[in-house]
Amino acid sequence: LRPTIGIIGAGKVGSTLARLLYKTGYEITAVYSRTPEKVRALAEKTDATIANQLSDVVKNANLILLTVSDDAIETIATELASCDWQGRAIVHTSGAAGIEKLQSLADASAMVGSLHPAFPFADVESAMEKLAGASFAVEAPDGQLKIWLQDIVVALDGQVILIPEGKKALYHAALVIASNYTVTLYAIAQQMLKNLDADSEAIDNALTTLVQATVENIASQGIPDALTGPLSRADTGTIQSHLAAIDDYTLATAYIALARLSFPMLQQRGINTHLIEKLLQDSHNETSHDS
Ligand SMILES: NC(=O)c1ccc[n+]([C@@H]2O[C@H](COP(=O)([O-])OP(=O)(O)OC[C@H]3O[C@@H](n4cnc5c(N)ncnc54)[C@H](OP(=O)(O)O)[C@@H]3O)[C@@H](O)[C@H]2O)c1
């Protein structure tokens, strides 16, 4: 049986999930948010009751989606601890936080979990259009809650990434490495090219073309085949020339670390990494000595 859904926090994530779930036939029973216009708009679009108090959402739903800012999760959980949680569940949608933020409610017999859409919610309308196909991290130690959340993801045409208890920070670190640090690496490359007095527009054109083609290669060929460049050819002369050209200590250290982190992909492709490692070690010793 599908649970009835209550929403606390009519922001981008709360409004998008509530409206999409409503469209797929879920009953949204109550909505709470601090801003009256937001809560009214969402209640109208989902045929839900406007809850005047947080506790009214709990009274009226089996599953509460706590879609508030990360910093507000624990405070609201504490405020809700005196409600009757028997047979009810609550999940937050933070990527970084684990279920420990809901401990006060677990102590009050609630089933607690988290449901993180790995998707950037710029605004409600565009998120509603594009969310289908996204992956959702599901953390749910309770079997009933796990089924409810998996069903929700399926209803949203998404895919489930099950996160073992206590591993949410590692999951989030992985997303940050893939997403945020791609931007960092882009910014580093952009600055290196700007230092050569190259034209800014041409630089961005070169780099966005490379990054887009790389992402497409990852999607079509997967790991390790999407890796191109000197490492994939064991081209030690080119790697040596890069390390000789980079005169910034932190950047040289990062280049060496990233090369070493690429070794598992090279080994999968049958490339002997010993020569490359020797070269990196020599260069690292030189860089450390110079600095
Ligand atoms: N944005 C994303 O791309 C994204 C992606 C995945 C997951 N998430 C996660 O989803 C959650 C919500 O993010 P969002 O982007 O939807 O944020 P948002 O648009 O800023 O919405 C946050 C909501 O939380 C409510 N809120 C904040 N503090 C509150 C408090 N003390 N008491 C009651 N309500 C409070 C706000 O209510 P009022 O406006 O009515 O005050 C607002 O409706 C966060 O945990 C975030 O990490 C976000």
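This is a predicted model, so every value here is computed, not measured.

Cut-offs used in this document
Residues numbered from 1 in each chain as written. Predicted model: local features only at pLDDT ≥ 70, side-chain atom pairs only at ≥ 80, totals over all residues. Heavy atoms only, no water. Helix = DSSP H or I, 4+ residues; strand = E, 2+ residues; numbered from the N terminus. Buried < 20%, exposed > 50% of the residue type's maximum accessible area, 1.4 Å probe, protein only. Near = heavy atom within 4 Å. Polar contact = N/O pair within 3.5 Å; in protein donor to acceptor, adjacent residues only side chain to side chain. Areas by Shrake-Rupley, 256 points an atom, 1.4 Å probe, with all protein chains shown as cover. Nonpolar A, V, L, I, M, F, W, Y, C, P; charged D, E, K, R; others polar. Contact = heavy atoms within 4.5 Å. Phe/Tyr/Trp six-rings, centres within 6.5 Å; stacked < 30°, edge-to-face > 60°. Lys NZ or Arg CZ within 6 Å of the ring centre and 35° of its normal. Pairing = 2+ DSSP bridges. Axes fitted to C-alpha atoms, helices over the stretch in contact; angles between N-to-C directions. Core = buried A, V, L, I, M, F, W, Y, C linked by side-chain atoms within 4.5 Å. Salt bridge = Lys/Arg side-chain N within 4 Å of Asp/Glu carboxyl O.

A.B. asks: I'm lost on the environment of Pro36 in this one. Help?
C.D. replies: Secondary-structure assignment places Pro36 in helix α2 (residues 36–46). Residue classification places Pro36 among the partly exposed positions, given a relative accessible area of 44%. Each C-alpha atom of the pair Pro36 and Ala10 lies 9.8 Å from the other, and the pair is 26 residues apart in sequence.

A.B. asks: Explain the site of the ligand to me, please; I cannot follow it from the model alone.
C.D. replies: Surrounding the ligand, one finds 22 residues, the nearest of these being Val13, Ser33, Lys38, Asp70 and Phe121. Lys12 places a main-chain nitrogen or oxygen 2.9 Å from an oxygen atom of the ligand. Notes on the ligand: free accessible area 890 Å², of which the protein chains cover 78%. It is helix α4 (residues 70–79) that contributes the most residues to the shell around the ligand, three residues altogether. When grouped by side-chain class, the residues that make up the shell around the ligand number nine nonpolar, nine polar and four charged.

A.B. asks: Just checking my understanding: could you explain the environment of Leu231 for this structure?
C.D. replies: Its place among the elements puts Leu231 in the loop between α9 (200–221) and α10 (236–245). Residue Leu231 is classed as buried on the basis of its relative accessible area, which comes to 14%. Sequence spacing of Leu231 and Ala259 is 28 residues, and the spatial spacing of their C-alpha atoms is 7.4 Å. Setting aside anything within four residues of it in sequence, one finds Leu231 in contact with Ile239, Ala259, Ser262, Leu266, Ile271 and Ile276.

A.B. asks: Just to check I follow, could you spell out the packing of aromatic side chains for this structure?
C.D. replies: How two aromatic rings sit relative to each other is set out by the distance from centre to centre and by the angle between their planes. All told, the structure shown has one aromatic pair when counted by the stated rule. On the basis of an interplanar angle of 85° and a centroid distance of 5.3 Å, the ring pair of Phe119 and Phe121 is categorised as edge-to-face. Taking the ring centre of Tyr26 as reference, the NZ or CZ of Arg2 above it sits at 4.0 Å.

A.B. asks: I'm lost on the pairing of strand β7 (residues 135–139) in this one. Help?
C.D. replies: Residues in a regular strand point their side chains to alternate faces of the sheet. Burial analysis of β7 places four of its five residues in the buried class, the great majority of the element. With four bridges connecting them, strand β6 (residues 111–117) and β7 associate as antiparallel partners. What sits directly across from Leu115, in β7, is Val138. Two strands pair when backbone bridges link them, and β7 and strand β8 (residues 159–162) are joined in this way by four bridges, in the parallel orientation.

A.B. asks: Looking at this structure, I do not really get the sheet that holds β8. What am I missing?
C.D. replies: Paired through their backbone hydrogen bonds, the strands of a sheet run either parallel or antiparallel. Across the sheet, eight strands lie side by side as β3-β2-β1-β4-β5-β6-β7-β8; this open sheet has mixed pairing. Looking along the sheet, the strands with just one partner apiece sit at the ends: β3 (49–50) and β8. Alignment of strand β1 (residues 5–8) against strand β4 (residues 63–66), held across four bridges, turns out to be parallel. The residue of β4 that forms the bridge with Ile8 is Leu66. Along the sheet, α2 makes contact with β1, β2 (28–32) and β3, crossing β2 at roughly 175°.

A.B. asks: What is the right way to read the nonpolar core from this model?
C.D. replies: A general tendency of soluble globular proteins is for nonpolar side chains to be buried together. Core analysis: the biggest nonpolar cluster contains 34 residues, and Ile5, Leu63 and Leu145 have the highest contact counts within it. Those residues in contact with Leu145, other than ones at most four positions away along the chain, are Leu63, Ala89, Val91, Met111, Val112, Gly113 and Ala140. Judged by nonpolar contacts, the second largest core, of 24 residues, contains Ala30, Val57, Ile73 and Ile99.

A.B. asks: Sorry if this is basic, but what is going on with the pattern of salt bridges here?
C.D. replies: A pair can form between side chains of opposite charge whenever their charged atoms are brought close. According to the stated counting rule, one finds six salt bridges in the structure shown. Of the charged contacts in the structure, one is a salt bridge between Glu74 and Lys101, with a shortest N-O distance of 4.0 Å. Residue Glu74 is found in helix α4, and its partner Lys101 is found in the loop between β5 (89–92) and α5 (103–106); the two are separated by 27 residues along the sequence. Look at Glu74 and you get partly exposed, because its relative accessible area is 42%. Note that Lys278 is salt-bridged to Asp282, the shortest N-O span being 2.9 Å. Residue Lys278 and its partner Asp282 are located together in helix α13 (residues 274–290), separated by four residues, close to a single helical turn.

A.B. asks: Help me understand the environment of Tyr255, please; the structure alone is not making it clear to me.
C.D. replies: Within the fold, Tyr255 resides in helix α11 (residues 249–261). Taking C-alpha positions, Tyr255 is 44 Å from Ile90, a pair spaced 165 residues apart along the chain. Not counting the four nearest positions on each side in its chain, Tyr255 is found in contact with Ile239, His242, Leu243 and Ile246. Reaching out from Tyr255, the side chain makes a polar contact with the side chain of His242 at a distance of 2.5 Å.

These figures capture arrangement, not role.
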